[in-house]
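Examining the three-dimensional arrangement
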2 protein chains.
Amino acid sequence: MPNTATTIRKSAERAARQELILQGALAVFKEKGLEGAKIDEIARVSGFGKATLYYYFTSKEEIFSALLLHGWLTLWRELEEIAVGGDSPRATFISMLKKIAEMVNTDRPLYEFLFQAPQSYTREENERSEWKAYQNRLYKVLMELIEQGIKQGEFPQMEPRLIMKAMGGLFHGLVFLGKDRDTITENEIEEMLGSLLG
Amino acid sequence: MPNTATTIRKSAERAARQELILQGALAVFKEKGLEGAKIDEIARVSGFGKATLYYYFTSKEEIFSALLLHGWLTLWRELEEIAVGGDSPRATFISMLKKIAEMVNTDRPLYEFLFQAPQSYTREENERSEWKAYQNRLYKVLMELIEQGIKQGEFPQMEPRLIMKAMGGLFHGLVFLGKDRDTITENEIEEMLGSLLG
DNA sequence: CTAATATTCGACCCATAGTTCGAATAATCG
DNA sequence: CGATTATTCGAACTATGGGTCGAATATTAG
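The structure displayed is predicted, hence computed values, not measured ones.

Parameters at a glance
- Residues numbered from 1 in each chain as written.
- Chains lettered and ligands numbered in written order.
- Predicted model: local features only at pLDDT ≥ 70, side-chain atom pairs only at ≥ 80, totals over all residues.
- Heavy atoms only, no water.
- Contact = heavy atoms within 4.5 Å.
- Buried area = accessible area lost by both parts, 1.4 Å probe.
- Salt bridge = Lys/Arg side-chain N within 4 Å of Asp/Glu carboxyl O.
- Polar contact = N/O pair within 3.5 Å; in protein donor to acceptor, adjacent residues only side chain to side chain.
- Helix = DSSP H or I, 4+ residues; strand = E, 2+ residues; numbered from the N terminus.
- Nonpolar A, V, L, I, M, F, W, Y, C, P; charged D, E, K, R; others polar.
- Least-squares fit on C-alpha atoms with pLDDT ≥ 70 in both.
- Domains from an automatic or database assignment.

1. Comments concerning the interface of chain A and chain B
Taken together, the contacts link 27 residues of chain A with 27 residues of chain B. The contact between chain A and chain B buries some 2400 Å² in all, and 62% of this surface belongs to carbon and sulfur atoms. There are zero salt bridges connecting chain A and chain B. Connecting chain A to chain B are two residue pairs in polar contact (both at pLDDT 80 or more). Elements supplying a minimum of two residues to the side of chain A that touches chain B: helix H1 (4-32), helix H6 (108-121), helix H8 (160-176) and helix H9 (186-197) of chain A. Residues belonging to the side of chain A that touches chain B are distributed by class as follows: nine nonpolar, eight polar and 10 charged.

2. Some thoughts on the relation of the copies chain A and chain B
It takes a turn of 180° to lay chain A on chain B, together with a shift of 0.0 Å along the axis; the resulting RMSD is 0.1 Å. Those values place the two copies in the arrangement expected of a two-fold rotation axis. Same-surface contact between copies: 100% of interface residues of chain A are shared with the interface of chain B.

3. Some thoughts on the domain arrangement of chain A
All names here are of chain A. Domain parsing of chain A yields domain 1 (1-58) and domain 2 (65-197). On a C-alpha basis, the centres of domain 1 and domain 2 stand 29 Å from each other. If you look at the interface, domain 1 gives nine residues, while domain 2 gives seven residues. A buried area of about 750 Å², summed over both sides, lies between domain 1 and domain 2, and 85% of it is on carbon and sulfur atoms. Summed over the three residues of domain 1 that lose the most area to domain 2, namely Leu-22, Leu-26 and Leu-34, the buried surface amounts to 61% of that side. Our enumeration of links across domain 1 and domain 2 arrives at zero salt bridges. Applying the counting rule to domain 1 against domain 2 returns zero residue pairs in polar contact (both at pLDDT 80 or more). Taken together, the residues that form the side of domain 1 that touches domain 2 break down as six nonpolar, no polar and three charged.

Here you go:
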């Protein structure tokens with residue numbers, strides 16, 4: 001019969017070790033890209049034996065997914081508050097993007113991975129993976145804000161999807177483009193978005 | 001002693017076969033991504049035996065580079081005319097982006113590959129590859145147009161690099177973002193760019 | 001302490017995929 | 001027509017890297 005307190009501690013330790021592995025994995029993914037990341041190197045960087053990784057995760061794919069899920073979940077929790085805050089569509093929309101930029105600045109490698117990896121990897125397999133749900137949820141919320149904003153005259157009278165593309169691209173460019181990873185200020189984002197929205 | 005006319009024809013045939021291979025390679029790269037593209041499949045799709053590919057190219061890497069060089073070269077030749085046209089910085093800038101969008105609409109798979117592949121693959125090796133030079137040249141020209149435009153009051157008085165990021169992102173979003181690959185009209189691009197530039 | 005369980009890990013396994021070989025066929029030359 | 005050269009290609013080679021095994025060690029239970 002297992003001791004209860006011990007069980008809890010063990011489970012916490014297990015989670016902590018998974019964290020360490022994910023941390024190492026992120027470093028390698030960031031450095032070498034997705035396919036370029038070798039399990040052996042992830043093991044080396046995280047400080048575990050290769051087989052130990054398979055004691056905590058069932059596959060490389062799972063490590064990848066766990067990383068994305070962790071990131072999207074964290075991001076979503078922050079954004080959810082803003083989304084239900086009850087401000088006007090436009091104000092909410094801008095607040096959300098500013099919040100994302102703020103998050104990016106706190107952990108650039110993670111979010112760079114989050115926003116770049118999917119497109120270079122999105123094959124059928126992870127089409128249904130868990131993290132994708134959060135990504136879709138975010139997309140949907142932003143899209144709805146645009147649609148409502150248009151109705152209320154806060155956004156230009158254009159095809160919502162076009163606005164979404166424009167804003168998404170603009171935001172992505174401001175935050176991620178360029179070799180120089182200088183942190184972008186919230187003011188700059190607001191200014192740019194504002195001028196595009198008229 | 002080889003016959004001259006025959007030599008010329010043979011060389012043309014050789015080039016034509018290389019074209020066929022590149023065409024097949026593009027189809028596979030587009031479908032399966034870069035690392036997901038297998039030499040065997042490229043061979044099958046282009047209609048040659050696997051070893052024949054190695055008769056025309058020395059490696060998978062070279063096929064990849066040849067494809068990018070071909071694309072960037074084609075694009076650059078079209079853009080060069082506009083760049084030296086002598087219009088005002090802002091007009092030239094917008095014309096160039098519109099031209100790129102026009103090119104994209106004529107061969108979407110190629111340009112999607114051109115604009116997406118590098119970031120998911122850019123490792124040290126192809127940092128110095130030939131196609132990269134054309135990409136850099138384009139970047140440089142656009143950047144100079146922005147700087148000149150700012151001086152002449154045609155662009156907002158902001159950090160040039162920031163404008164570049166914003167415009168690049170916006171453009172990329174309009175042209176490439178979204179599952180729906182509906183062709184974007186030149187008008188829509190001009191309208192968006194215009195509103196961002198004030 | 002001893003048995004049972006949890007954790008760790010390097011060595012191995014093996015499927016995949018890039019690359020090369022050698023032979024067969026086609027085209028060109030003299 | 002031979003002889004030489006160009007082209008084609010499947011089979012074989014090989015390196016890589018994801019995943020597994022079995023033994024060793026640490027931890028917990030009783």
